[in-house]
Amino acid sequence: MADRRSGGGEKPLHWVGTSKRDFFGFPEPVKSDMGYALGLAQLGGKHPRAKPWKGEGTGVFEVVENHDRNTYRAVYTVRFEGVVMCCTPSRRRALPASARPLRTFR
């Protein structure tokens, strides 16, 4: 169950740079799950799969979703009073087997 704190209403969601365009280019199931996580953040809560983003201190979170052998990420911050900022949604494509480096074992 998601952590939902009672608070003073919904915070606006601000998109940084091309983050909105990038996010809306994600597949529907990914947008749905990540949108829910962003919505919880706007209401003052935290999605169970939202993890602190390493190296940035408190208030910066990353949500990761896997879909069709690709990994999708959205990083957002709640550091600023009264606003949630979505910073860097991205997709990491799975490499085809022919493009993966070969490992040799001895």
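Here the structure is shown first, and the text comes after it.
Throughout what follows, the structure given in this document is the object of discussion. (Residues numbered from 1 in each chain as written. Predicted model: local features only at pLDDT ≥ 70, side-chain atom pairs only at ≥ 80, totals over all residues. Heavy atoms only, no water.)

Counting residues in each nonpolar core, the largest one holds 15 residues, and the members touching the most others are F26, M34, V63 and Y76. Sorting the residues of this core by element identifies α2 (28-42), β3 (60-67), β4 (70-77) and β5 (84-86) as the ones contributing at least two each. Broken down by element, the residue count for this core peaks at 5 residues, all from α2. Not counting chain neighbours up to four residues away, the residues in contact with F26 comprise K31, M34, Y72, R73, P89, S90 and R91. (Core = buried A, V, L, I, M, F, W, Y, C linked by side-chain atoms within 4.5 Å. Buried < 20%, exposed > 50% of the residue type's maximum accessible area, 1.4 Å probe, protein only. Helix = DSSP H or I, 4+ residues; strand = E, 2+ residues; numbered from the N terminus. Contact = heavy atoms within 4.5 Å.)

With respect to burial, β4 is a largely interior element, 6 of its 8 residues being buried. Across 8 bridges, the pairing between β3 and β4 is antiparallel. Bridging across to β4, N66 finds its partner in T71. Once β3 ends, the chain turns through 2 residues before running back antiparallel as β4, passing D68 with a positive phi of about 50°. Here 3 bridges tie β4 to strand β6 (residues 90-92), and the two strands are oriented antiparallel to one another. Opposite R73, over in β6, you have S90 as the bridge partner. Inspection of the sheet shows β4 paired to β5 by 2 bridges, in the antiparallel sense. Residue pairing across strands places T77 opposite M85, the latter belonging to β5. Connecting β4 to the next strand, β5, in antiparallel fashion are 6 residues, including G82 with a positive phi near 80°. (Pairing = 2+ DSSP bridges.)

Compared with an ideal rise of 1.5 Å per residue, which puts 15 residues at 21 Å, α2 spans 20 Å between its outermost C-alpha atoms and is within 8% of the ideal. Residues of α2 that are buried in the fold lie against β1 (13-15), α1 (19-24), β3, β4 and β5. Positioned one or two residues after α2, G44 has a phi angle of 95°, which is positive. (Expected span 1.5 Å × (residues − 1).)

Residue position: T77 is located in strand β4. Note on T77: relative accessible area 5%, which makes it buried. Polar side-chain contacts of T77 include one of 3.0 Å to the backbone oxygen of G59. For T77, the side chain forms a polar contact with the main-chain nitrogen of R79, separated by 3.1 Å. (Polar contact = N/O pair within 3.5 Å; in protein donor to acceptor, adjacent residues only side chain to side chain.)

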